[in-house]
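Breakdown of the fold
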Amino acid sequence: MTRPAHRTGRNRTLATAVGLFASCSLVLTACGQGETPDDTPAADSDAAESGGDVNLRFTWWGADARAQITEEVIDQFEQKNPGITVTTEWGIWDGYWDKLSTSAAAGDMPDVVQMDESQIDAYGSSGQLLDLESQPDALDVSTIAPEVLNTGEVDGTIVGAPVGIGIYSLGVNEDLLAQAGVEMPDDKTWTWDEFIDAAAEVTAQLGDQGVTGLDWWGFDSPEIGAFARQNGEEVFPKEGQDQVSKETLTAFFEQALEMVETGATPQPSVQNENIIKSLEQQPFGTNKSAFHFQFHTQIQAFVDASGTELKLHRLPAVESGKPNMVNKASMYWSISADSEHPAEAAQLVDFLINDVDAAKVLGVERGVPANPEIQEAIQPQLSPTGVMATEFAATMQEEVIDPPQVTPDFASDFDAEFGRIGSGVLFGQTSPEEGAQAVLDILENYER
């Protein structure tokens, strides 16, 4: 969706979402995709040529809740920075990357870009992202701890300012568990077998009300990342780490089929419908599933959508007590290397990561802020869900293990490829063993 560069007053209506929802893997929050007015780039160019106000284009993906708080923060930025206006463009996960790729190829990438771990190497290694340390007068990245800031480094250059840390975890609707008479297992010790039993029992008790235990499993690349890690392997290993094996991949797909057979998840056709819905329409956002795997930063958006105080728990484990969870940069702020206004774009990024007033609005929706001072400043303003999410992340810091490398630039399409293979297995088009081999073939092709 696009907000016009010139508008009157703070109250405005976001453009109506357009476009079809395509099958996608929701790594982070998604929302409706919109279009950009044809005259947006021209307006920016005219302003620059006339010496008048600077207009920045700013793009992100996310749900309606994210859009609302982001628009509010942009209003703050414009009030504090007279002479700079910001045109916002936002959409769903799949449509977002298609649109960004097209604009980048045309040399028309927005000035400030919300960037993901799965894409940052692809854009950074091709020289499309600005060195953020090249604008020290406008952007201070020293407020972020080096071990976190370095997650935005590509080829020795910081091209992404981490927004925060996201931890792949399990969202739980405890109200539905209570209605189903299912006791939540101890997430410090539970295994996948215990999880499947609990999810299947929810479906057995509440299925006639349209409720299932888990909304989907077997399509999402973070799922196999977590499962492989619990088996001592990684999909994209760093030096010294083992690559995911055919045995582990086969076990993952067999488990996905088991979830369907036991009723822990719906039939594949229903799962496929669930995964392509916007967050607000997904079963977890409408109180129709008790469990949902997600990066923990999504929980506030689901609470807002469902009206229920949802909770966060550790992942079920292959071996009891070893969920092997990791920190991941929830997302990054990046700047186009071709921006005509790099200093002003850097001002916007600095505002997003270092301004207390902005942080009080943004909260933890995009992740627990990477700036420790901001974390402290926003604590009193957080909702109960925000406090819960922050405390969950803090608790997990005592347990997280070393993460894998960021998704290599040559593998930015792995998410879609894995979803296609997982769909084939769930629909019975291929066996788990064949699906496992197909994944390995893709990984081997990446290495050539």
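All right, on to a negative patch on the surface then. Together, Asp186, Asp193, Glu194, Asp197, Glu201, Glu258 and Glu261 make up a negatively charged patch on the protein surface. Where the negative patch is concerned, the elements lending two or more residues are helix 7 (192-206) and helix 9 (246-262). Looking at the negative patch element by element, the count peaks at 4 residues for helix 7. Residue position: Glu194 is located in helix 7. Using a relative accessible area of 36% as the deciding quantity, one classes Glu194 as partly exposed.

Before going further, it helps to examine the nonpolar core. A general feature of soluble globular proteins is that nonpolar side chains tend to end up buried together. The biggest cluster of nonpolar side chains holds 131 residues, and the ones touching the most others in it are Phe195 and Phe291. If one sorts the elements of this core by residue count, helix 7 sits on top with 8 residues. Residues within four places of Phe195 in sequence aside, it is in contact with Leu170, Trp190, Leu214, Met259, Phe291, Phe293 and Pro316.

Given a rise of 1.5 Å per residue, 13 residues ought to cover 18 Å, and the 19 Å separating the end C-alpha atoms of helix 3 (residues 93-105) matches this to within 8%. Considering only its buried residues, helix 3 is in contact with strand 1 (54-61), strand 2 (84-91), strand 3 (112-115), helix 4 (117-125) and helix 16 (414-426). Count one or two residues on from helix 3 and you reach Gly107, which has phi positive near 70°.

Further remarks concern the environment of Thr262. Mapping Thr262 onto the fold places it in helix 9. Residue class for Thr262 comes out partly exposed when judged on its relative accessible area of 38%. Those residues in contact with Thr262 that sit more than four places away from it in its chain are Ile196 and Ala200. Side-chain polar atoms of Thr262 contact the backbone oxygen of Met259, separated by 3.3 Å.

The element strand 12 (residues 327-335) is largely enclosed, with a buried count of 8 among its 9 residues. One ladder, built from 6 bridges, connects strand 6 (residues 161-172) with strand 12; its direction is antiparallel. Bridge pairing in strand 12 links Gly166 to Lys328.

How two aromatic rings sit relative to each other is given by the distance of their centres and the angle of their planes. What the rule picks out here adds up to 29 aromatic pairs. It is Lys328 that lies over the ring of Phe295; its NZ or CZ is 5.0 Å from the centre.

Let us look at the pattern of salt bridges. Inspection of every chain in the model, using the stated rule, returns 11 salt bridges. A salt bridge links Asp355 to Lys80; the shortest N-O distance between them is 3.1 Å. In this pair, Asp355 is assigned in the loop between helix 12 (342-354) and helix 13 (356-362) and Lys80 in helix 2 (residues 64-80), connecting sequence segments 275 residues apart. Given a relative accessible area of 16%, Asp355 falls into the buried group. Between Lys328 and Asp116 there is a salt bridge, with its nearest N and O atoms 3.6 Å apart. Residue Lys328 is found in strand 12, and its partner Asp116 is found in the loop between strand 3 and helix 4; the two are separated by 212 residues along the sequence. Both residues of the pair, Lys328 and Asp116, belong to the buried class. Overlapping salt bridges, with partners in common, bring together Arg57, Glu89 and Asp108 in one network.

Another point: the confidence of the model for the protein chain. Across the protein chain, pLDDT averages 86, with 88% of residues at or above 70. Segment residues 3-52 is flagged for pLDDT under 50; beyond a separation of four residues in sequence, or across chains, it makes 128 contacts in the model.

Procedures and definitions
Residues numbered from 1 in each chain as written. Predicted model: local features only at pLDDT ≥ 70, side-chain atom pairs only at ≥ 80, totals over all residues. Heavy atoms only, no water. Patch = residues over 30% accessible without salt bridge, like charges linked within 9 Å, V, L, I, M, F, W, Y side chains within 5 Å. Areas by Shrake-Rupley, 256 points an atom, 1.4 Å probe, with all protein chains shown as cover. Salt bridge = Lys/Arg side-chain N within 4 Å of Asp/Glu carboxyl O. Lys, Arg positive; Asp, Glu negative; His and termini not counted. Charge placed at Lys NZ, Arg CZ, Asp CG, Glu CD. Helix = DSSP H or I, 4+ residues; strand = E, 2+ residues; numbered from the N terminus. Buried < 20%, exposed > 50% of the residue type's maximum accessible area, 1.4 Å probe, protein only. Core = buried A, V, L, I, M, F, W, Y, C linked by side-chain atoms within 4.5 Å. Contact = heavy atoms within 4.5 Å. Expected span 1.5 Å × (residues − 1). Polar contact = N/O pair within 3.5 Å; in protein donor to acceptor, adjacent residues only side chain to side chain. Pairing = 2+ DSSP bridges. Phe/Tyr/Trp six-rings, centres within 6.5 Å; stacked < 30°, edge-to-face > 60°. Lys NZ or Arg CZ within 6 Å of the ring centre and 35° of its normal. pLDDT = per-residue confidence, 0-100.

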